[in-house]
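Residue strings, one per chain:
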Amino acid sequence: MHLLFATSIVPDGALASGYEIANAAIIAALRRAGVRVTVIGFTWPGKAPVDPENTIVLGAVDVRTESASPFQKLAWVAKAMLAGLTFSSVKLRVVQGSEVRAAIENAGPFDGYVLNSVQFAGAFEELFGDRPSIFIAHNVEHRSAAENAAAAGSALQRWLFRREARLLKLMEERLCRAARFVFTLAEEDRAALGVASDDRSAVLPLVTRAEAPAKRAPRRIDCDAALIGTWTWQPNRIGLDWFLAKVVPHLRPDFRLRIAGNMPSGIVSTHPGVEFVGRVPDAQAFVRGAAVIPLISTAGSGVQLKTIETFELGLPSVATSRSLRGIGYRPDNCMVTDDPVAFAAALEAAAADASDVDGSAFHRRQIQALDAAMELGLGKLGAVRREIAA
């Protein structure tokens, strides 16, 4: 079976975000199942695809809102209004639909599409109706947009996020309705998208690496707790705001907390132990230097890749319930609470008695469940292909 994997940004091997880590795991699972995968989409400016022989590059585009100029943001908004598209999809309209169609036709004979999230599929939705498709919903995007609207700091932002939520809901309904099978990354997302039946959807458990982490020497602890993330992404920002405002004030003054990653303006903490360290050269080394990892998601949908990585590494953690969405197994050294005072107390207790576990068992479970789910979805697509051939 040959499938065209349609995605906004093609893999470049960097695995710099949760989205890219998820894509690598999904493409690897497709190939383990015997599928020939050709990826089509855009690159980041200055980046090259990691697998050029099996990748169709439509051009280079930077879709990050936080680094765009005010003029570029205004242009995206105006273009979205005129086209009736979401803000996230209109960023990819840097080529004409006819160019995308020509690129698809040049891919050679193939059996169907894997529509990877809503951004690319929504930008060129009319092009993907000629073959059966699988839709991969990384998140329930319309719910995330509605949560972003509720947390927005201005009336204009609220209006834009509400518009995004309305359009995304309609788009997700169309993509799910047209797909032969839908994959989500969390169990609760199946019902939220209206595809809870096992004949219509399944959850893809993910991993953050191809092989289980090798056993290492005992860790050198540099701080009590560490956070790393893309804090400019609004669902992550909401969780960080909750953590700094509600949890951190209950930590003792000498508790050492380091926060890495690009930080949007307005993020501050008066706690003497909080240190914002910006970008770090080795994310895994950074988190391994902490006694405990706070998993602080309070918004969004889909799965938290930082949770999966923490469990793969066997690191002690304290998690909100939202941080465990899409996770079927919780290790013994993960405490769960949504109460800020209890969260702070659990962090202090875990930091005082940091105890790692073997994360390889969690990794093996995830791979086995991922491959089983992938086989189920591909079986549905294969049945459709056989019906068409007959």
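Residues numbered from 1 in each chain as written. Predicted model: local features only at pLDDT ≥ 70, side-chain atom pairs only at ≥ 80, totals over all residues. Heavy atoms only, no water.

### Here we look at the overall build of the protein chain
Link 1 in the chain: Helix and strand counts for the protein chain come out as 13 helices and 13 strands.
Link 2 in the chain: The C-alpha extent of the protein chain, read off along each of the three principal axes, is 65 × 45 × 40 Å.
Link 3 in the chain: Within the protein chain, the fraction of its 390 residues that count as buried is 53%.
Link 4 in the chain: Taking all contacts inside the protein chain whose residues are at least 6 apart in sequence as the whole, residues at least 24 apart take part in 65%.
Link 5 in the chain: Split by element, the accessible area of the protein chain, about 17,400 Å² in all, is 53% carbon and sulfur.
Link 6 in the chain: Across the protein chain, 43 positive and 41 negative side-chain charges occur, with their mean positions spaced 3 Å apart. (Helix = DSSP H or I, 4+ residues; strand = E, 2+ residues; numbered from the N terminus. Buried < 20%, exposed > 50% of the residue type's maximum accessible area, 1.4 Å probe, protein only. Contact = heavy atoms within 4.5 Å. Areas by Shrake-Rupley, 256 points an atom, 1.4 Å probe, with all protein chains shown as cover. Lys, Arg positive; Asp, Glu negative; His and termini not counted. Charge placed at Lys NZ, Arg CZ, Asp CG, Glu CD.)

### Topic: the sheet that holds strand β10 (residues 274–278)
Strand pairs in the sheet, formed through backbone hydrogen bonds, run parallel or antiparallel to each other.
Link 1 in the chain: Strand order in the open sheet formed by six strands is β10-β9-β8-β11-β12-β13, and the pairing between neighbours is parallel. What marks the edges here is a single partner per strand, and that holds for β10 and β13 (334–336). Averaged over all pairs of adjacent strands, the angle between strand axes in this sheet comes to 25°, irrespective of strand direction.
Link 2 in the chain: Taken together, the three bridges between strand β12 (residues 317–319) and β13 define a ladder with parallel strand orientation. Counterpart to Ser 317 in the pairing with β13 is Cys 334.
Link 3 in the chain: Strands β8 (223–228), β11 (290–295), β12 and β13 of the sheet are contacted by helix α11 (residues 305–313), whose axis makes an angle of about 150° with β11.
Link 4 in the chain: Each of β8, β11, β12 and β13 is contacted by helix α12 (residues 340–352), which is oriented at about 155° to β11, the strand it contacts most. (Pairing = 2+ DSSP bridges. Axes fitted to C-alpha atoms, helices over the stretch in contact; angles between N-to-C directions.)

### Remarks on the packing of aromatic side chains
Link 1 in the chain: This structure, assessed with the given rule, holds 10 aromatic pairs.
Link 2 in the chain: Between the aromatic rings of Trp 76 and Phe 87, the centroid separation amounts to 5.9 Å while the plane-to-plane angle is 85°, which identifies the pairing as edge-to-face. Of this pair, Trp 76 sits in helix α2 (residues 70–83) while Phe 87 sits in helix α3 (residues 87–90); the two residues are 11 residues apart in sequence, bridging distant segments of the chain.
Link 3 in the chain: Trp 76 sits in the buried class, given a relative accessible area of 7%.
Link 4 in the chain: An angle of 80° between the planes, with centres 5.0 Å apart, marks the rings of Tyr 113 and Phe 128 as edge-to-face. Highlighted residues: Tyr 113 in strand β4 (residues 112–116) and Phe 128 in the loop between α5 (118–123) and β5 (133–137), separated in sequence by 15 residues. A single burial state applies to Tyr 113 and to Phe 128, both of which are buried.
Link 5 in the chain: Members of the aromatic cluster, connected to one another through ring pairs, are Phe 42, Phe 110, Tyr 113, Phe 120, Phe 124 and Phe 128.
Link 6 in the chain: Above the ring of Phe 110, the side-chain terminus of Arg 131 is found at 3.9 Å from the ring centroid. (Phe/Tyr/Trp six-rings, centres within 6.5 Å; stacked < 30°, edge-to-face > 60°. Lys NZ or Arg CZ within 6 Å of the ring centre and 35° of its normal.)

### Focus: the nonpolar core
Link 1 in the chain: Core analysis: the biggest nonpolar cluster contains 48 residues, and Phe 5, Ile 26, Leu 30, Phe 183, Leu 204, Leu 206 and Met 374 have the highest contact counts within it.
Link 2 in the chain: Setting aside anything within four residues of it in sequence, one finds Leu 30 in contact with Leu 3, Phe 5, Val 35, Val 37, Val 114, Met 374 and Leu 378.
Link 3 in the chain: Of all hydrophobic cores here, the second largest spans 38 residues; its members include Val 95, Ala 121, Phe 135 and Ala 165. (Core = buried A, V, L, I, M, F, W, Y, C linked by side-chain atoms within 4.5 Å.)

### Concerning the sheet that holds strand β2 (residues 36–43)
Link 1 in the chain: Pairing within the open sheet is parallel, and its seven strands lie in the order β3-β2-β1-β4-β5-β6-β7. Every interior strand has two partners, whereas the edge strands, β3 (55–60) and β7 (201–203), have only one. Within the sheet, the average angular offset between the axes of one strand and its neighbour, ignoring direction, is 15°.
Link 2 in the chain: Two elements, strand β6 (residues 181–184) and β7, share three bridges in a ladder whose sense is parallel. Across the sheet, the residue bridging to Val 182 is Ser 201, located in β7.
Link 3 in the chain: Against the sheet, helix α1 (residues 18–32) touches β1 (2–9), β2, β4 and β5, its axis set at about 175° to β1.

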